[in-house]
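# Coordinate inspection notes
Residue strings, one per chain:
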Amino acid sequence: MTGGFQPYDALMSLFREFAALPVAFDWAEKDSKTTRGHPRQRRGIRPDMKRYSAFAIAREALRHHTGWERAWRSPEPKKKYDAIIVGAGGHGLATAYYLGKNYGIKNVAILEKGWLGGGNTGRNTTIIRSNYLQDPSAAIYEKARSLYETMSQDLNYNVMFSPRGVMMLAQTQHEIRGYKRTAHANKLQGVATEFISPQRVKELVPIINIDGPRYPVLGALWQPRGGTARHDAVAWGYARACSAMGMDVIQQCEVTGVRTEGGKVIGVDTTKGAIDCDKLGLVVAGHSGVLAEKAGFRLPIESLALQALVSEPIKPCMNVVVMANTVHGYMSQSDKGEMVIGGGTDGFNNYTQRGSFHHIEETVRALNETFPIISRLKMLRQWGGIVDMTGDRSPLLSKTPVEGIFVNCGWGTGGFKAIPGSGWAMAELMAKGHSPLTDEFSMFRFREGRFIDESVAAGVAH
Amino acid sequence: MLTLTCPYCGVSGEETEFHAGGEAHLKRFISGSTDAEFDEYMFLRENPKGVHFERWRHVYGCGKWFHAARDTNTLEVFGTYSAQVSEPPKEIKDKISAKRPGWSWRNFK
């Protein structure tokens, strides 16, 4: 820098003086004078957690970003908790969050064997929709979708929920009938969807080829308030809110055993030692079967790899989510410009987090026909996650044969969209012993013949 | 990507030539069984992270059903064997024991 007068520096130092006054920005956070208590306390968030806001950014900008704190603490486990949640993915963290927020149960640990949000929460295609056929499914998925609408405000964390609209293409006569049936069911359930014409599809998605030749677009099931969200941010936002409530998010802590006494859970053994608990929630998706075995019961679940891939980033070309289930491919454009593509599930049990190579070809081949402009795109990354599939393709939110142990799993190929509703319902189940949202999703429903058959309605070919 | 060898026609091919048929060596429980037995037979499946036994079919080949022993975590195939048996043959079990000492699957070890 040369000498002389620097108007920018002078202005900044003036601002810095101003920001150093502790009261300087307090007015910004007292957003309501009519309700008693600090706004953060009213939201159930510890007042010592710093809120994210435009003012916080300004304040930190003025002190060279030295005041940002870690989003969540990294504590050592205590001897005992009221409740332990195994699995710090979206569903586990959401369960813990609503245990604290809705039921005041805050002496909670969330144990994660890897890193937070490193499983399926960070491996999905971020699609959010609730256009399911069966009533119990529509109830929990629509609860989840509606919670996504206000999640950024609730968590004080931008999860970038983008209700850009989701369409599921009908490319056979059978699909037309199926989706019209779903649209009627959704009307009765209070879920806003409609069956739209091929012309409307073309208006919404100009880059689509609706003429076939193999599978022309004959219409679509359209959910205008479906969309996407930033998947990592969902996990991070929940983790931060849980930590702010005093909960312990403990990463790199694998559960190696479940201790029971007289048919009741008393704690878990982990790579960080034994931890006692009164209630235990198993929320570990692909590894649910492995963990259930440690607890001494079996789950009607099989684990398979499901893949996704993204292209190089390109200019904005598609502002809705398109799912083409007959040809099996679904695609949306991320905010970075990458085309996010959902692939196929392996045909055999495995825990590889890779998936078979030939599914990539099948998916890309299908999408090339539907979206000719992507034919020369380079694919950047491919990955897999382990999905936990039940026989009727609906989840398990359930008590188990061991008293005090609850499971939340079986979300299969479509768990991300359900995270807040799943956590809301699972928290109620764990706190009160039952929940209207989970009643139908018992792990014993198969034996009782009460399937929630979504294998044809779930949207993806399983 | 799996590479399997059909024990009938002897052809080795990658998995697109075959079709997975689920858990191996199931015993049927239908009429005269208890609810628990039927539940287990109908709805519960082994889902191990490790040694697993499955039925496969050589769909784009000789069409025969056969059995495969493999690891669901590493995708290693320990061997394939005849469909006409109700438990894995000794040589397959020995092969697994050499590579995964102390393994067990259902009642087999």
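Conventions adopted
Within each chain, residues carry numbers counting from 1 in the order of the written sequence. Naming scheme: in the order in which they are written, chains are lettered from A and ligands are numbered from 1. The predicted origin of the model limits local features to residues at a pLDDT of at least 70 and limits the giving and counting of side-chain atom pairs to 80 or more, whereas totals for whole chains, interfaces and linings rest on all residues. The numbering of helices and of strands both runs from the N terminus, where a helix is a DSSP run of H or I of at least 4 residues and a strand a run of E of at least 2. Any residue whose C-beta has 12 or fewer other C-beta atoms within 10 Å is treated as exposed, any with 20 or more as buried, and any in between as partly exposed, C-beta atoms being built from the backbone. Our contact criterion uses C-beta atoms placed from the backbone: two residues qualify when those atoms are within 7 Å. Put simply, Ala, Val, Leu, Ile, Met, Phe, Trp, Tyr, Cys and Pro go in the nonpolar bin, Asp, Glu, Lys and Arg in the charged bin, and everything else, Gly too, in the polar bin. A set of buried residues drawn from Ala, Val, Leu, Ile, Met, Phe, Trp, Tyr and Cys, joined through C-beta atoms within 7 Å, is what defines a nonpolar core. The quantity called pLDDT is the predictor's confidence in a given residue, expressed from 0 to 100.

The next thing to look at is the overall build of chain A. Counting secondary structure elements, chain A contains 14 helices and 18 strands. Within the span of chain A, comprising 462 residues, buried residues form 49% of the whole. Taking the contacts inside chain A whose residues are at least 6 apart along the sequence as the reference set, 75% of them involve residues at least 24 apart.

Residue and element names in this part refer to chain A. Residues Gly-212 and Pro-213 are joined by a peptide bond in cis, for which omega reads 15°. You can see Pro-213 is positioned in the loop between helix H9 (198-204) and strand E6 (219-223). Of note, the phi angle at Gln-353 is positive, near 55°, even though the residue is not glycine. The class of Gln-353 is partly exposed, set by 17 C-beta atoms lying within 10 Å.

The next subject is the interface of chain A and chain B. Each partner contributes to the interface: chain A provides 19 residues, whereas chain B provides 17 residues. Listed by contribution, the elements that provide at least two residues to the side of chain A that touches chain B are helix H11 (288-295), strand E12 (301-313) and helix H14 (445-448) of chain A. In terms of residues, the side of chain A that touches chain B owes the most to one element, E12(A), which gives 3 residues. Per-class residue counts for the side of chain A that touches chain B are 7 nonpolar, 9 polar and 3 charged.

Moving on: the nonpolar core. Ranked by internal contacts, the top residues of the largest apolar core, which has 122 residues, are Ile84(A), Ile110(A), Cys242(A) and Val322(A). Per-element tally for this core: the top contributor is helix H10 (residues 231-244) of chain A, with 9 residues. For Val322(A), the residues in contact, after removing those within four places along its chain, are Met167(A), Leu169(A), Val205(A), Ile208(A), Tyr330(A) and Met331(A). In terms of nonpolar packing, the next biggest core, distinct from the first, is built from 14 residues, Leu2(B), Cys6(B), Phe53(B) and Trp56(B) among them.

Glancing now at the confidence of the model for chain B. Taken over all residues, the pLDDT of chain B has a mean of 95, while the share at 70 or more is 100%. The ipTM assigned to the predicted complex is 0.95, against a pTM of 0.89.

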